[in-house]
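Chain residues, written in single-letter form:
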Amino acid sequence: MEIKRHHVGKRLSETAIHNGTVYLAGQIAEDTTQGIEGQMREVLGHVDRLLNEAGSDKSCILMCQIFVSSMEHFAGMNSVWDEWVPQGHTPPRATVEAKLANPACLVEVCITAALR
């Protein structure tokens, strides 16, 4: 079976598509001067863009993993998530506190979705 990769870099691809499923690399904010709400909005914008490029959208998310640098950001992250996620299509989700590779990043989001 064919595997398609988009935005292939030296270390990772931003997306891989296989057997009707799209897998996104962990998405982080580029503008790390923002607080949790701003970083989460930017991250979800990356998710929207990559899913669209792959032929999917947020209503097709099968699983979401969210890593926050501190649980003190949980409420702010959730407020942005709740505005973004389509009601009736809320996916299974795990949220954990984690030491992220870049200390300026407050949140990282990993998505697996079905193609439309």
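A short tour of the structure in this document, coming up. As the structure is a prediction and not an experimental result, all values here were calculated from the model.

### Here we look at the overall build of the chain
Then comes step 1: Across its full length, the chain holds two helices and six strands.
Then comes step 2: Its C-alpha atoms give the chain a radius of gyration of 14 Å, near enough to 13 Å, the size a compact globule of 116 residues would have.
Then comes step 3: By principal-axis analysis of the C-alpha atoms, the chain measures approximately 45 × 35 × 20 Å.
Then comes step 4: Scored against the burial criterion, the 116 residues of the chain give a buried share of 41%.
Then comes step 5: In the chain, the share of contacts with a sequence separation of at least 24, taken over all contacts with a separation of at least 6, comes to 69%.
Then comes step 6: Accessible surface for the chain amounts to roughly 6400 Å². Of this, 51% is attributable to carbon and sulfur atoms.
Then comes step 7: The distance from the centre of the 10 positive side-chain charges to the centre of the 14 negative ones in the chain is 7 Å.

### Digging into the packing of aromatic side chains
Two measures describe an aromatic ring pair: the distance that separates the ring centres and the angle between the ring planes.
Then comes step 1: For the coordinates displayed, the defined rule picks out one aromatic pair.
Then comes step 2: Pairing Trp81 with Trp84 gives two aromatic rings, centres 5.4 Å apart and planes at 50°, and the pair type is tilted. Taken together, the residues Trp81 and Trp84, both in helix α2 (residues 74–84) and three residues apart, mark about one turn of the helix.
Then comes step 3: Sitting over the ring of Trp81, Arg93 keeps its end group 5.2 Å from the ring centre.

### Digging into the nonpolar core
Then comes step 1: Within the largest apolar cluster, 26 residues are counted, with the highest numbers of intra-cluster contacts made by Met40, Ile66, Trp81, Val107 and Ile111.
Then comes step 2: Elements that contribute at least two residues to this core include exactly β3 (21–24), α1 (36–54), β4 (61–68), α2 and β6 (107–114).
Then comes step 3: In terms of residue count, the dominant contributor to this core is α1 (eight residues).
Then comes step 4: The contact partners of Ile66, leaving out residues within four places of it in the chain, are Met40, Met77, Trp81, Arg93, Ala94, Thr95, Val96, Val107, Glu108 and Val109.

### Looking at the environment of Glu2
Then comes step 1: Structurally, Glu2 is set in the segment before β1 (3–8).
Then comes step 2: According to the relative accessible area criterion, Glu2 is exposed, its value standing at 57%.
Then comes step 3: Sequence-wise, Glu2 and Ile17 are 15 residues apart; in three dimensions their C-alpha atoms are separated by 8.4 Å.
Then comes step 4: Setting aside anything within four residues of it in sequence, one finds Glu2 in contact with Ile17 and His18.

### Re the pattern of salt bridges
Then comes step 1: For the structure on display, the rule yields three salt bridges.
Then comes step 2: The salt bridge partner of Glu83 is Arg41, with a shortest N-O separation of 3.9 Å. Note that Glu83 is positioned in helix α2 and Arg41 in helix α1, a separation of 42 residues in sequence.
Then comes step 3: Using a relative accessible area of 61% as the deciding quantity, one classes Glu83 as exposed.
Then comes step 4: A relative accessible area of 45% places Arg41 in the partly exposed class.
Then comes step 5: Note that Arg49 and Glu53 form a salt bridge whose closest N and O atoms lie 3.7 Å from each other. With Arg49 and Glu53 both in helix α1 and four residues apart, this pair spans about one turn of that helix.
Then comes step 6: By relative accessible area, which is 37% here, Arg49 ends up partly exposed.
Then comes step 7: Look at Glu53 and you get partly exposed, because its relative accessible area is 40%.

Rules used in this analysis
Residues numbered from 1 in each chain as written. Predicted model: local features only at pLDDT ≥ 70, side-chain atom pairs only at ≥ 80, totals over all residues. Heavy atoms only, no water. Helix = DSSP H or I, 4+ residues; strand = E, 2+ residues; numbered from the N terminus. Rg over C-alpha atoms; globule rule 2.2 N^0.38 Å. Buried < 20%, exposed > 50% of the residue type's maximum accessible area, 1.4 Å probe, protein only. Contact = heavy atoms within 4.5 Å. Areas by Shrake-Rupley, 256 points an atom, 1.4 Å probe, with all protein chains shown as cover. Lys, Arg positive; Asp, Glu negative; His and termini not counted. Charge placed at Lys NZ, Arg CZ, Asp CG, Glu CD. Phe/Tyr/Trp six-rings, centres within 6.5 Å; stacked < 30°, edge-to-face > 60°. Lys NZ or Arg CZ within 6 Å of the ring centre and 35° of its normal. Core = buried A, V, L, I, M, F, W, Y, C linked by side-chain atoms within 4.5 Å. Salt bridge = Lys/Arg side-chain N within 4 Å of Asp/Glu carboxyl O.

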